[in-house]
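The lines below spell out each chain.
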Amino acid sequence: MTITYLLELLGCVSFAISGAFAGIQKRLDVFGVLTIAFVTSIGGGTVRDILIGELPVSWMMDKYYSAVIFFSTIATMLFWKQLKSFKLPLFIFDTIGLGLFTIVGVQKALAAGLKPEICVALGTITGCFGGITRDILLNNIPLIFRKEIYATACIAGGLVYITSLQMGVDINITRLCAVSTICFIRIVAVRYKLTLPRMY
Amino acid sequence: MTITYLLELLGCVSFAISGAFAGIQKRLDVFGVLTIAFVTSIGGGTVRDILIGELPVSWMMDKYYSAVIFFSTIATMLFWKQLKSFKLPLFIFDTIGLGLFTIVGVQKALAAGLKPEICVALGTITGCFGGITRDILLNNIPLIFRKEIYATACIAGGLVYITSLQMGVDINITRLCAVSTICFIRIVAVRYKLTLPRMY
Amino acid sequence: MTITYLLELLGCVSFAISGAFAGIQKRLDVFGVLTIAFVTSIGGGTVRDILIGELPVSWMMDKYYSAVIFFSTIATMLFWKQLKSFKLPLFIFDTIGLGLFTIVGVQKALAAGLKPEICVALGTITGCFGGITRDILLNNIPLIFRKEIYATACIAGGLVYITSLQMGVDINITRLCAVSTICFIRIVAVRYKLTLPRMY
């Protein structure tokens, strides 16, 4: 088990937790919360795999994915009152997960021989789509379209990854730089309440 | 034409009728009602086929599916005022359809060589996803997340199917037990208004 | 570059513009508007390619698609105040796009060896699905279900295409007839405010 895969599972955990919280907030029943948590965690990778045509989708073939999501969600449901105040660790996990999921998406797209801008798009989809689906299922306008710099961080990280690789930089340093870019932009954006401009 | 296939078509009919009713209630036009009926009927199988990678999706290759859905919906639109009071037969058809669709989903997932828990998940998706998509298109929070034991019955039926098969029980008895489990749980849940617990 | 492909790109441009307008109206930020524009443009073709199993989906492999959508959206964001009054050219582009996307969808489905009625359905999906997804993401009941004859024009055009081909008519004349049918029905429907009947 590589470090990247371990961190990906960690990202998976935090997306499951964020999905579970959203479901609990909307007063769903136990099954509803589990479903929302799964969708938030696997949504991005699923859409990416379908668009590329790598089927069956990867989480269905993976040994740990579903178990990890299941137990994270159960834990959230048991301890959500205590966890509610754990905003900082949750935000950190979510941000690391976003960074790693994006890079995994870019890598898989590159391996499928797609164009650089499409790879960045697929990385962004991998990072963001779970949250979009969660919001659609809960009948909100997807948060991603309303607040914070979220997808923009993924796009920037994807561009760093592609550029760095094309310049011949070592793959591990490239990964580190790209993930750091995403985390840095997101942290700065949330800290200073930066948003993208609207039309009016 | 096997009995299972015939019963699957029957399930298809009842899902089309339930979709048509939902569309008529929301005052959609004729095309809207037809679309909602189709989506409710084929939604689950479509998502399952895409996730597994069995493309083109099966209903597009099937001889009777689209015709059966089309004529069921037309019939509903012609006779909906009379059918409105036929709650019991509708509920029975819907429940049988749910049971059969779930088992078909589990079987196809097993045939694709996937893990048992993934097979149960794919069976549940096959049974439930049509209704979820219907609710999203009609801009409601999916009913499945709010009321009744619905997906839980599918999960129980899927577990019965997998366990029974692993114990070496005959395939037809296994099917019967699994479908009966789903129908039984759903009927009992609706009769006694059982629901899953919420978080608060 | 064939004329059909050029016209398809034109349709792509106008769908991007219509998506951008919808996003600006809902006061999304720059990224949100871009996303909605992309989804409106590529939604239909993506669903068609997934259902048929032609993966990776075609717009990811295409040279010009993403660039064309990107620059159309940027242009809309820069000039939307001026364009707002350009209702007629927008409507024309949108209608031509609808016609061409539908025919492209029918052709790809025929090439995949599917049944005629499924080909018409896939053509209609190619023409209409982008707009449906746009409306779901913006949390509206899809416009297609509420007003105007939209999908019906696609279905009629698809039927003309299939019938004409089976009668041995030249492929280019067939295309022209089918696209004209779609544009004609849509223009007449909008001009005379024709709608499909509702149930009550």
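The name given to chain A in an unreviewed UniProt entry is Putative membrane protein YeiH, with the source organism recorded as Arcticibacter pallidicorallinus. Within the UniProt record for chain A, the comment given under Subcellular location (unreviewed entry) is "Cell membrane". In its Sequence similarities (unreviewed entry) section, the UniProt record describing chain A reads: "Belongs to the UPF0126 family."

> Let's hear about the overall build of chain A: which residues, and what values?
From N to C terminus, chain A includes 8 helices and 0 strands. Taken across its 200 residues, chain A has 52% of its residues classed as buried. Only carbon and sulfur atoms are counted for the fraction: they give 70% of the accessible area of chain A, which is about 8800 Å².

> Tell me about the environment of L137(B), and please be specific about residues and values.
Residue placement: L137(B) occurs in helix α6 (residues 116–137). When its relative accessible area of 7% is taken as the criterion, L137(B) is described as buried.

> So what's going on with the relation of the copies chain B and chain A? Residues and values would help.
Once chain B is rotated about the relating axis by 120 degrees and shifted along it by 0.0 Å, it coincides with chain A to within an RMSD of 0.0 Å. The relationship between the two copies is best expressed as a three-fold rotation axis. Little of the interface of chain B is mirrored in chain A: 15% of its interface residues are interface residues there too.

> Explain the packing of helix α7 (residues 151–166) of chain C against helix α8 (residues 171–191) of chain C to me, using residue names and the numbers behind them.
All names here are of chain C. Closest axis-to-axis distance for the α7/α8 pair is 8 Å, and the angle between their directions is 160 degrees. As the angle between them shows, α7 and α8 are arranged roughly antiparallel. The crossing of α7 and α8 is right-handed. Residues A153, C154, A156, G157, V160, Y161, S164 and L165 of α7 form the contact with α8, whose participating residues are I171, T174, R175, C177, A178, T181, I182, I185 and R186. Class assignment of the residues belonging to the contact of α7 with α8 gives a composition of 11 nonpolar, 4 polar and 2 charged.

> Tell me about the UniProt feature "transmembrane region" (unreviewed entry) in chain A, and name the residues and values.
All names here are of chain A. In the numbering used here, UniProt assigns the feature "transmembrane region" (unreviewed entry) to residues 32–52, 64–80, 86–106, 118–137 and 176–194. Overall, residues 64–80 shows 94% helix and 0% strand. The separation of its end C-alpha atoms is 23 Å. Secondary structure across residues 176–194 comprises 84% helix and 0% strand; the distance between its end C-alpha atoms is 24 Å.

> Explain the pattern of salt bridges to me, using residue names and the numbers behind them.
Residues and elements named next belong to chain B. Counted by the stated rule, this structure contains 6 salt bridges over all chains. The salt bridge partner of E117 is K115, with a shortest N-O separation of 3.7 Å. With a relative accessible area of 41%, E117 lands in the partly exposed category. A residue is classified by how much of its surface remains accessible, and K115, at 22% relative accessible area, is partly exposed.

> I'd love a proper account of the interface of chain C and chain B, names of residues and values included.
On the chain B side, the residues contacting the 27 residues of chain C number 28 residues. Taken together, the links from chain C to chain B amount to 0 salt bridges. Connecting chain C to chain B are 2 residue pairs in polar contact (both at pLDDT 80 or more). Mapped onto the side of chain C that touches chain B, the elements with two or more residues apiece are α2 (30–52), α6 (116–137) and α7 of chain C. Here the element with the most residues in the side of chain C that touches chain B is α6(C); it accounts for 5 residues. Residue composition of the side of chain C that touches chain B, grouped by class: 19 nonpolar, 4 polar and 4 charged.

> Any details on the nonpolar core? Residues and values, ideally.
One finds M60(A), Y65(A), M60(B) and M60(C) to be the most contacted residues of the largest nonpolar core, which totals 164 residues. The residues contacting Y65(A), other than those within four sequence positions of it, are Y5(A), E8(A), L9(A), C12(A), I42(A), W59(A) and F101(A).

> Quick rundown of the environment of L28(C)? Include the residues and the values.
All names here are of chain C. Relative to the helices and strands, L28 resides in the loop between α1 (3–25) and α2. Residue classification places L28 among the buried residues on the basis of a relative accessible area of 0%. In this structure the C-alpha to C-alpha distance between L28 and L138, which are 110 residues apart in sequence, comes to 9.5 Å.

> Please give an account of the packing of helix α2 (residues 30–52) of chain B against α6(B) that cites residues and values.
Residue and element names in this part refer to chain B. Remark: α2 packs on α6, axes separated minimally by 7 Å, with the N-to-C direction vectors making an angle of 135 degrees. Regarding the angle of α2 to α6, the classification is oblique. Where α2 crosses over α6, the handedness of that crossing is right-handed. Contacts from I36, V39, T40, G43, G44, G45, V47, R48, L51 and I52 of α2 reach α6 at L122, I125, T126, F129, G130, G131, T133, R134 and L137.

> Lay out the relation of the copies chain C and chain B with the relevant residues and their values.
Structural alignment of chain C on chain B gives an RMSD of 0.0 Å, achieved by rotating through 120 degrees and translating 0.0 Å along the axis. Here only 15% of the interface residues in chain C have copies in chain B that are interface residues too; the copies meet through unlike faces.

> Go over a nonpolar patch on the surface, please, and point to the residues and values.
Together, L110(A), L165(A) and I171(A) make up a nonpolar patch on the protein surface, roughly 190 Å² of accessible area in all. Inspection of the secondary structure assignment puts L165(A) in helix α7 (residues 151–166).

> Summarise the interface of chain B and chain A; cite the residues concerned and give the values.
Opposite the 27 residues of chain B that make contact, chain A presents 28 residues. Viewed at the interface, chain A and chain B are joined by 0 salt bridges. For the pair chain B and chain A, the number of links is 2 residue pairs in polar contact (both at pLDDT 80 or more). Those elements that provide at least two residues to the side of chain B that touches chain A are α2, α6 and α7 (151–166) of chain B. Counting residues per element, the side of chain B that touches chain A draws most heavily on α6(B), which supplies 5 residues. Class assignment of the residues belonging to the side of chain B that touches chain A gives a composition of 19 nonpolar, 4 polar and 4 charged.

> Please provide a residue-by-residue account of α8(C), values included.
Residue and element names in this part refer to chain C. End to end, α8 covers 30 Å across 21 residues, agreeing with the expected 30 Å (1.5 Å per residue, within 8%). Listed as buried for α8 are T174, A178, V179, I182, C183, R186 and A189. For α8, the arc enclosing every buried residue in end-on projection is 155 degrees, short of the 170-degree limit, so these residues lie on one face. Turned more than 90 degrees from where α8 packs its buried face, L176, F184 and R191 sit exposed.

> Before we move on, can you summarise the side chain of S164(A) with the specific residues and values?
All names here are of chain A. With respect to the helices and strands, the residue S164 is situated in helix α7. Assessed through its relative accessible area of 10%, S164 is described here as buried. With sequence-adjacent residues up to four places away left out, S164 is seen in contact with V169 and T174.

> For the side chain of T40(B), give the residues involved together with the corresponding values.
Residue and element names in this part refer to chain B. Here T40 is to be found in helix α2. Polar contacts involving the side chain of T40 include one to the main-chain carbonyl oxygen of I36, which spans 2.7 Å. Contact partners of T40, with chain neighbours within four places excluded, come to F15, S18, G19, G130, G131 and R134.

Rules used in this analysis
Residues numbered from 1 in each chain as written. Chains lettered and ligands numbered in written order. Predicted model: local features only at pLDDT ≥ 70, side-chain atom pairs only at ≥ 80, totals over all residues. Heavy atoms only, no water. UniProt positions renumbered as here; feature names shortened; annotations may be inferred. Helix = DSSP H or I, 4+ residues; strand = E, 2+ residues; numbered from the N terminus. Buried < 20%, exposed > 50% of the residue type's maximum accessible area, 1.4 Å probe, protein only. Areas by Shrake-Rupley, 256 points an atom, 1.4 Å probe, with all protein chains shown as cover. Least-squares fit on C-alpha atoms with pLDDT ≥ 70 in both. Contact = heavy atoms within 4.5 Å. Axes fitted to C-alpha atoms, helices over the stretch in contact; angles between N-to-C directions. Parallel < 35°, antiparallel > 145°, perpendicular 65-115°, else oblique. Left-handed = near helix turned anticlockwise from the far one by under 90°. Nonpolar A, V, L, I, M, F, W, Y, C, P; charged D, E, K, R; others polar. Salt bridge = Lys/Arg side-chain N within 4 Å of Asp/Glu carboxyl O. Polar contact = N/O pair within 3.5 Å; in protein donor to acceptor, adjacent residues only side chain to side chain. Core = buried A, V, L, I, M, F, W, Y, C linked by side-chain atoms within 4.5 Å. Patch = residues over 30% accessible without salt bridge, like charges linked within 9 Å, V, L, I, M, F, W, Y side chains within 5 Å. Expected span 1.5 Å × (residues − 1). Arc of directions from axis to C-beta.

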